[in-house]
Amino acid sequence: MIPYLLLQISNLMNYFDTRIKATDFVGAAMAATKPARDATGFIRQNHSNLMDFACAAGCAAFSMGVIVGVYFLLDSL
């Protein structure tokens with residue numbers, strides 16, 4: 001749950017950055033999101049290995065799901 005939450009926080013901050021850069025009031029918006037930006041930076045610095053592990057575990061689980069699904073599909077033929 002925690003790695004998924006960290007990835008969502010990272011994605012949310014990337015979304016905010018994109019939306020802020022598209023507006024005319026970049027300076028005020030950047031100042032308003034400074035606390036959230038600082039928290040996200042802290043999470044990225046201290047938990048990047050955990051986020052990498054979460055991505056790797058998700059890819060491995062998906063791959064195993066595909067392999068088991070193909071096995072059951074071929075077994076039923």
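Quick note: structure is the one above.
By convention here, each chain's residues receive numbers from 1 onward along its written sequence. Local features in a predicted model are, by the rule used here, given only for residues with pLDDT of at least 70; side-chain atom pairs are given and counted only at 80 or more, and totals for whole chains, interfaces and linings are based on all residues. The side-chain numbers reported here are obtained from all heavy atoms of the structure, hydrogens and water having been left aside.

Q: What's the story with the overall build of the chain in this structure? I'm lost.
A: Numbering of helices and strands runs from the N terminus, with a helix taken as a DSSP run of H or I at least four residues long and a strand as a DSSP run of E at least two residues long. Looking only at helices and strands, the chain has four helices and zero strands in total. A buried classification covers 16% of the 77 residues belonging to the chain. Note on areas: Shrake-Rupley, 1.4 Å probe, and residue coverage restricted to the protein chains presented here. Carbon and sulfur atoms provide 70% of the accessible area of the chain, an area that totals close to 6,000 Å². Accessibility here uses a 1.4 Å probe with only protein chains present; expressed as a share of the type maximum, an area under 20% marks a residue as buried, one over 50% as exposed, and anything in between as partly exposed.

Q: Before we go on, may I ask you to explain a nonpolar patch on the surface in this structure?
A: Patch membership is restricted to residues that have no salt bridge and whose relative accessible area is over 30%. Joining uses 9 Å for like charges and 5 Å for the nonpolar side chains Val, Leu, Ile, Met, Phe, Trp and Tyr. Any Lys or Arg side-chain nitrogen found within 4 Å of a carboxyl oxygen on Asp or Glu counts as a salt bridge. The grouping of Phe62, Val66, Val70, Leu74 and Leu77 at the surface amounts to a nonpolar patch, some 560 Å² of accessible area in total. Relative to the helices and strands, Leu74 is located in helix 4 (residues 48-76).

Q: Looking at this structure, how should I read the environment of Ile20?
A: Structurally, Ile20 can be placed in helix 1 (residues 2-21). Along the backbone, Ile20 and Thr33 are 13 residues apart, and their C-alpha atoms lie at a distance of 9.6 Å.

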